[in-house]
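This is what each chain is made of:
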Amino acid sequence: MMMITDDEFEAVKTAAVYAATNTGLVPQARTSLFRYVSMRGSAWDMLEKTLLTNTLPLSRSVTLNDPFDSNPVIVNDTIPSDISKFANDLLSIGGKPMNFDVLKVVHPNGQQMSPAQLQEATKALLQSMMRTQSQQCHIASFSRRISSELQWSHYAEGYKGLAYHFVTQPEDDSGFRFLRPVRYSSQRPIILLSEFMDHLKRVDTGRFPQEWFSFEQRSFLTKSLAWAYEEEERLVKQNVSEVQFLENELVSIILGPRFPDADIDRLRAITKNRKRPLKIFRAQSSPTSYAIEVEWEHDLYSGA
């Protein structure tokens with residue numbers, strides 16, 4: 001067997017991490033990401049919780065503003081024998097494989113199901129499980145852009161909100177280690193029912209993580225090309241409504257061009273209760289282009 005030196009191993013490992021980072025499998029460290037926030041309703045309470053507990057809320061995927069988002073096309077490519085084989089491979093009664101031809105199952109009214117009806121019911125159950133998995137998915141969205149006038153308008157209450165500025169450090173105790181980029185496509189993603197069946201059979205195998213990444217990419221990390229201007233990155237979690245980040249990953253807050261001056265002192269008062277001080281910057285409309293520019297040299301927290 002050929003042996004490689006420590007230097008050769010390190011070189012291969014570095015190349016592998018670089019490749020994975022640039023395909024989104026491993027998040028890039030020290031990446032600036034921005035999360036636009038509207039300050040309506042209970043937003044001030046949520047902001048205080050975020051600043052003082054280093055947590056971010058996640059939204060259920062079914063509440064996202066784009067109805068196509070996290071809503072792939074589900075195609076039933078199975079035939080009855082596929083459903084039977086799935087049940088035989090996955091389920092058993094008394095240690096013996098199920099057999100749809102001899103299995104006695106009844107409707108709620110007591111009438112016995114035929115094998116064909118049982119296969120149809122199993123297919124409906126699988127499709128319901130796919131929908132449930134999507135409904136239980138929670139997402140936090142970030143942008144690599146702070147200069148987007150559309151995002152300031154859509155997500156920050158018409159320029160009156162603010163944006164969190166994170167610099168990611170995907171350590172083991174940071175929620176940003178799960179961060180992955182959104183892919184933009186002209187084709188709406190397709191998930192096959194047979195693929196979901198395979199997905200369920202491999203939950204306890206070593207192949208599951210690789211197949212889950214593929215399923216997750218198409219289900220929750222693919223959007224129309226029309227949204228490409230957002231340059232979005234996402235955290236995707238199942239049955240988790242918030243995520244923890246490291247205190248030093250949140251480095252500043254950027255106020256929108258129309259953020260009320262009267263609310264700056266309120267914001268300062270909250271940030272003063274934080275262990276690690278935060279810079280506060282103001283964004284302004286560019287005088288020469290359709291863009292938003294940040295006054296990075298002027299820290300409103302200290303008044304400098």
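These numbers come from a predicted model, not from an experiment. (Residues numbered from 1 in each chain as written. Predicted model: local features only at pLDDT ≥ 70, side-chain atom pairs only at ≥ 80, totals over all residues. Heavy atoms only, no water.)

**Digging into the nonpolar core**
Part 1: By size, the foremost hydrophobic cluster in this structure holds 29 residues, and its most contacted members are Leu-47, Phe-142, Leu-162, Tyr-164 and Leu-255.
Part 2: Put simply, the parts of the chain that give this core at least two residues each are strand 1 (32-37), helix 2 (43-53), strand 7 (137-143), strand 8 (162-167), strand 15 (250-255) and helix 8 (264-271).
Part 3: Among the elements that make up this core, the one with the highest residue count is helix 2 (four residues).
Part 4: The residues contacting Leu-162, other than those within four sequence positions of it, are Arg-35, Tyr-36, Val-37, Met-39, Leu-47, Trp-152, Ala-156, Ile-253, Ile-254, Leu-255, Gly-256 and Phe-259.
Part 5: By size, the runner-up hydrophobic cluster in this structure holds 12 residues, among which are Phe-34, Tyr-36, Ala-283 and Val-294. (Core = buried A, V, L, I, M, F, W, Y, C linked by side-chain atoms within 4.5 Å. Buried < 20%, exposed > 50% of the residue type's maximum accessible area, 1.4 Å probe, protein only. Helix = DSSP H or I, 4+ residues; strand = E, 2+ residues; numbered from the N terminus. Contact = heavy atoms within 4.5 Å.)

**Comments concerning the pairing of strand 16 (residues 279-285)**
Part 1: The sheet contact formed by strand 15 and strand 16 spans four bridges and is parallel. Residue pairing for strand 16: Leu-255 is matched across the bridge by Arg-282.
Part 2: With helix 8 bridging strand 15 and the parallel strand 16, this β-α-β connection has right-handed handedness.
Part 3: Inspection of the sheet shows strand 16 paired to strand 17 (residues 292-294) by three bridges, in the antiparallel sense. (Pairing = 2+ DSSP bridges. Right-handed = clockwise from strand over helix to strand, strands pointing away.)

**Quick notes on the pattern of salt bridges**
Part 1: Within the structure shown, the criterion is met by 13 salt bridges.
Part 2: Residues Glu-216 and Arg-180 are paired through a salt bridge, measuring 2.7 Å at the closest nitrogen-oxygen approach. Of the two residues, Glu-216 is situated in helix 7 (residues 208-220) and Arg-180 in strand 9 (residues 180-181); the sequence distance between them amounts to 36 residues. Here Glu-216 matches Arg-180 in class, with each residue buried.
Part 3: Here Glu-195 makes a salt bridge to Arg-218, at a shortest N to O gap of 2.2 Å. Here Glu-195, found in helix 6 (residues 193-201), pairs with Arg-218, found in helix 7; they are 23 residues apart in sequence, far enough to count as distant.
Part 4: A network of salt bridges, in which partner residues are shared, links Asp-69, Lys-223, Glu-230, Glu-232 and Arg-234. (Salt bridge = Lys/Arg side-chain N within 4 Å of Asp/Glu carboxyl O.)

**Regarding the pairing of strand 7**
Part 1: Most of strand 7 sits inside the fold, with six of its seven residues counted as buried.
Part 2: In the sheet, strand 3 (residues 59-60) pairs with strand 7 via two bridges, with the strands oriented antiparallel. Its bridge partner being in strand 7, Ser-59 is matched across the sheet by Ile-139.
Part 3: By the bridge criterion, seven bridges tie strand 7 to strand 13 (residues 232-238) in an arrangement that is antiparallel. If you follow Ile-139 over to strand 13, its bridge partner there is Val-236.

**Observations regarding unusual backbone geometry**
Part 1: Despite not being glycine, Glu-157 has its phi angle at roughly 55°, a positive value.
Part 2: Looking at the element boundaries, Glu-157 is found in the loop between helix 5 (149-155) and strand 8.
Part 3: Non-glycine residue Glu-231 carries a positive phi angle of around 45°.
Part 4: Within the element layout of this structure, Glu-231 appears in the loop between strand 12 (222-224) and strand 13.
Part 5: On the basis of relative accessibility, which here comes to 29%, the residue Glu-231 falls in the partly exposed class.

Just geometry here; none of it tells us what the structure is for.
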